[in-house]
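Residues per chain are reported as follows:
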Amino acid sequence: MRRPPHLSLLSSVLDRRSYTQKAMAFQNTTILPQLRAGEAVGIPTETVYGLAANALSADAVSKIFQAKNRPQDNPLIVHVSSLAMLQSILPEGELPEIYRPMVERFWPGPLTIVLPSSPKIPSSVTCGQPTVAVRFPSHPVARALIDACGFPLAAPSANASGKPSTTLAQHVYDDLNGRIPLILDGGPCRVGVESTVLDGLRQPPAILRPGGVTYEALLPYLPGLQVYRKHFVDKALEEAPTTPGMKYRHYSPDAPVVLIDAASDFEHRWREIQQSDFTLAKRIGLLTTTAPAPEQQDSGNIERVVMGKSTEEVARDLFRSLRTLDQKKVDVIFVQGVSETDEGMAVMNRLLKAASQVCT
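These numbers were taken from a predicted model, which means no experiment stands behind them.

Q: What should I look at first to understand helix α9 (residues 169–176) in this one?
A: Buried residues of α9: Ala169, His171, Val172, Asp175 and Leu176, and no others. Relative to the axis of α9, the buried residues are bounded by an arc of 155° and lie together on one face. Gly178, located one to two residues past α9, shows a positive phi value of around 90°.

In structure tokens, the structure reads:
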């Protein structure tokens, strides 16, 4: 099949950063035989760690659902390492024109786009939907591994379903040890939250899940861009989602999470809520953007994690911080909300899904 001219142009830009030499490094490792044999393995990406398997094999994909205990109607994202690989899974190799500016600007990177599916993609990946979510990761290990495989990888976050996503290989081990044969350690994830999912096939285009590419960054390319649950809701889409993260409660640690609005006096408000609703809590976790004032120093039963002041820092540390407080066996976690600008939109999206209580 001849590559469409616009796809050839993009490919000449993106694919010239060849990962062939890095991919060759995987040839003598155990991870390639595992993936080629249809196993699911833990891999690093720039967003969060993924639980990866051959996206073109229904049997391999089933290992993902089994290891995570993932609901069967929660779709997966397909990861490619080149535009040639993308073309191979598109109906007639056609990339919808609306995506071209975003692909040029944000790929490889933490942006997932919703595309028409093809018969090559098993229905278990799309959960029977006519579309498939695809991204081109920027993490050098992920790109080289996919390139070495020669086939795209389906890869949701490598956590037990419902738990906070994994941003360290240790997190994957904590959740999936004994369920998967191998975890590839690529160090901490740079972004810390999952990719943004953009549906440009809708009118108007919509962000179905905020993530590593912000609404503010996409808006100049898509005037009228909407964000799900901020500008519109669609109950039918929630019941039969085209992308992960829309239907089920996610990102929840073992301790209940109380989210306190960014506009509130956090130090005063968490104490007030604790005294009224969590009087039996012996160990209290605090997830904040700032350290307390000198006159408000924490007592010995309080575990505080300061994620950072910028929304980029908070996004990078969010899941790690929730897991850290769980490891400290706190009875409740009070979280300081952030402004829903830039990466803050993705942070608040995750926190609202994790929270058992939201307070102003």
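Q: What is the right way to read the pairing of strand β12 (residues 302–306) from this model?
A: Sheet faces and side chains relate simply in a regular strand, where the side chains alternate between the two faces. For β12, the buried fraction is high: four of the five residues fall into the buried class. Bridge analysis of strand β11 (residues 284–288) against β12 gives five bridges, and the strand direction is parallel. Directly across from Leu286, in β12, lies its bridge partner Arg304.

Q: Quick question: what am I supposed to make of the sheet that holds strand β5 (residues 131–135) here?
A: The pairing of strands in a sheet happens through backbone hydrogen bonds and is either parallel or antiparallel. Read from one edge of the open sheet, nine strands run β1-β2-β6-β3-β5-β4-β7-β8-β9, paired in mixed fashion. Lying at the two open borders of the sheet, with one neighbouring strand each, are β1 (41–43) and β9 (226–227). When β1 meets strand β2 (residues 50–54), the two strands line up antiparallel, connected through three bridges. Counted as the bridge partner of Ile43 is Gly50 from β2. Packed onto the sheet, helix α4 (residues 58–68) meets β2 and β6 (153–154) and runs at close to 155° relative to β2.

Q: Honestly, the pattern of salt bridges in this entry has me stumped. Any pointers?
A: Proximity of charged atoms lets side chains of opposite charge pair with each other. For the structure shown, the criterion picks out 15 salt bridges. Ionic pairing is found between Lys63 and Glu39, a salt bridge with its closest N-O pair at 3.4 Å. Of this pair, Lys63 sits in helix α4 while Glu39 sits in the loop between α3 (31–36) and β1; the two residues are 24 residues apart in sequence, bridging distant segments of the chain. Taking relative accessible area as the criterion, Lys63 reaches 29% and is therefore assigned partly exposed. With relative accessibility at 26%, the residue Glu39 sits in the partly exposed group. Notably, a salt bridge pairs Asp254 with Lys163, separated by 2.5 Å at the nearest N-O pair.

Q: I tried to follow the packing of aromatic side chains on my own but got confused; where do I start?
A: Describing an aromatic ring pair means giving the distance of the ring centres and the angle of the ring planes. Following the criterion strictly, the structure yields six aromatic pairs and no others. Measuring from ring centre to ring centre gives 5.7 Å for Phe106 and Tyr221, while their planes differ by 75°; the resulting arrangement is edge-to-face. Of the two residues, Phe106 is situated in helix α6 (residues 100–106) and Tyr221 in the loop between α10 (215–218) and β9; the sequence distance between them amounts to 115 residues. Residue classification places Phe106 among the buried positions, given a relative accessible area of 8%. Tyr221 sits in the partly exposed class, given a relative accessible area of 33%. Connected via pairs of aromatic rings, a cluster forms that spans Trp270, Phe278 and Phe334.

Q: It is not clear to me how the sheet that holds β11 should be interpreted in this structure. Could you clarify?
A: Taken in spatial order, the five strands line up as β12-β11-β13-β10-β14 in an open sheet, and their pairing is parallel. Since the sheet does not close on itself, it has two edges, and those belong to β12 and β14 (357–359), each with one partner. Put simply, the sheet's adjacent strands are angled 20° from each other on average, direction ignored.

Q: I tried to follow the packing of helix α13 (residues 311–327) against helix α14 (residues 344–354) on my own but got confused; where do I start?
A: A pair of packed helices is captured by two measures, namely the crossing angle of their axes and the spacing between those axes. The interhelical angle for the contact between α13 and α14, taken along N-to-C directions, is 30°, at an axis separation of 8 Å. Taken together, the axes of α13 and α14 are roughly parallel relative to one another. Considering only the axes of α13 and α14, their crossing is left-handed. Contacts from Thr311, Val314, Ala315, Leu318 and Phe319 of α13 reach α14 at Gly344, Val347, Arg350 and Leu351. Across the contact of α13 with α14, the residue classes break down as six nonpolar, two polar and one charged.

Parameters and conventions
Residues numbered from 1 in each chain as written. Predicted model: local features only at pLDDT ≥ 70, side-chain atom pairs only at ≥ 80, totals over all residues. Heavy atoms only, no water. Buried < 20%, exposed > 50% of the residue type's maximum accessible area, 1.4 Å probe, protein only. Helix = DSSP H or I, 4+ residues; strand = E, 2+ residues; numbered from the N terminus. Arc of directions from axis to C-beta. Pairing = 2+ DSSP bridges. Contact = heavy atoms within 4.5 Å. Axes fitted to C-alpha atoms, helices over the stretch in contact; angles between N-to-C directions. Salt bridge = Lys/Arg side-chain N within 4 Å of Asp/Glu carboxyl O. Phe/Tyr/Trp six-rings, centres within 6.5 Å; stacked < 30°, edge-to-face > 60°. Parallel < 35°, antiparallel > 145°, perpendicular 65-115°, else oblique. Left-handed = near helix turned anticlockwise from the far one by under 90°. Nonpolar A, V, L, I, M, F, W, Y, C, P; charged D, E, K, R; others polar.

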